[in-house]
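Observations on chain architecture
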Amino acid sequence: MHFRQIAPPFHLQEYVRYFWTLESYGDDVGPATLGPLADGCPGFIVQPVDKGVFKDEFGNKMAPVFLYGQTITRTALFLTGKFCTAGICFHPDALKSLFGFDAHEFADSCFGMSVWSRRRTNSLEEQLLNAATTQEQISILTIFLSNEVKRNEARPDPVTQQAVTTIIQSKGQITLRDIQKHFNLSERSLERKFNQYIGITPKVFSTVCRFQASLRQLRNNDYSNLSDVAFDNGFSDQSHFIRIFKQFAGFSPFQYQKQARETASTPSLL
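The text that follows walks through the structure, step by step, so that each part is easy to find. Keep in mind it's a predicted model, so treat the numbers as computed, not measured. (Residues numbered from 1 in each chain as written. Predicted model: local features only at pLDDT ≥ 70, side-chain atom pairs only at ≥ 80, totals over all residues. Heavy atoms only, no water.)

1. Notes on the sheet that holds strand β2 (residues 16-23)
Pairing within the open sheet is antiparallel, and its six strands lie in the order β1-β2-β8-β4-β6-β9. Edge positions in the sheet fall to β1 (2-6) and β9 (110-111), since each of these pairs with one other strand and no more. Relative to strand β6 (residues 65-68), strand β4 (residues 43-46) runs antiparallel, the two being bridged by four bridges. The residue of β6 that forms the bridge with Phe 44 is Leu 67. (Pairing = 2+ DSSP bridges. Helix = DSSP H or I, 4+ residues; strand = E, 2+ residues; numbered from the N terminus.)

Spelled out as structure tokens, the structure:
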């Protein structure tokens, strides 16, 4: 498998972390796994059915073009056949700040193109599925998002963005009390902003950040034993770390290490 990350143009950098493509090599026909998806970011995926099929963990076929929100439970997507996939990793607040959606409505869910107006999305989906290459799909998505920015009536919320950045920089280990004090917000006001713009509470978002930090540590083999990973990432003990890891990944840290070679994991939020 070949994963490629593509930087967005400057005018989209406030909304898009990166575009990405994932393609099989030669006679490599999978199956391949994309996940775990709990990375603090919503996303968008294009997978033409003649170039591979996405299925969820229950074996249900996914739509060829779909948008997904924050992932907070075990979620992975499975690719069969030769595949040629393109996607977008948005910034955590993009569903609200770019599209005007209430992000909590998308938590742990994915949606087809009908979430936008039918006239606009029929054309977009047709263009994406008829594109000859993933690079052409990225170009089509860039134009679509650029037009969304121009017609955008929603705007990023500076306080939410700064709070998200602060949590990410602390790897999820700053206390929510400190966040509230720094931004002069009540607990309820902070939660309201996060539910609306991010789709999950600040507490859950912090836990996702700590999970992602632990993933990176495991990938880099930067530890002597599992209790080191738990301690370094702010978990109360090893059993707490394993429980949270299973919640987001669907398997234990030991199983993750074994499966990592076979899993197409996109770069983490941290």
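2. Quick notes on the packing of aromatic side chains
Per the stated rule, a full pass over the model turns up 12 aromatic pairs. Taking the centre distance of 5.7 Å and the plane angle of 25° together, the rings of Phe 99 and Phe 101 count as stacked. For the pair formed by Phe 99 and Phe 101, the shared burial category is buried. Geometrically, the ring pair formed by Phe 251 and Tyr 256 is stacked, given 6.3 Å between the ring centres and 15° between the ring planes. In this structure Phe 251 comes out as buried when scored by relative accessible area, which is 16%. An aromatic cluster is present here, built from Phe 211, Phe 235, Phe 241, Phe 245, Phe 248, Phe 251 and Tyr 256 joined pairwise through their rings. The ring of Phe 235 carries Arg 210 above its face, with NZ or CZ at 4.7 Å from the centroid. (Phe/Tyr/Trp six-rings, centres within 6.5 Å; stacked < 30°, edge-to-face > 60°. Buried < 20%, exposed > 50% of the residue type's maximum accessible area, 1.4 Å probe, protein only. Lys NZ or Arg CZ within 6 Å of the ring centre and 35° of its normal.)

3. Quick word on the nonpolar core
Phe 19, Phe 44, Phe 90 and Leu 145 are the most contacted members of the largest nonpolar core, which totals 28 residues. Only β2, β4, β6, β8 (84-90), α1 (94-97), α2 (118-130) and α3 (134-151) provide two or more residues apiece to this core. Grouped together as the second largest cluster of nonpolar side chains are 17 residues, Leu 215, Leu 218, Ile 242 and Phe 245 included. (Core = buried A, V, L, I, M, F, W, Y, C linked by side-chain atoms within 4.5 Å.)

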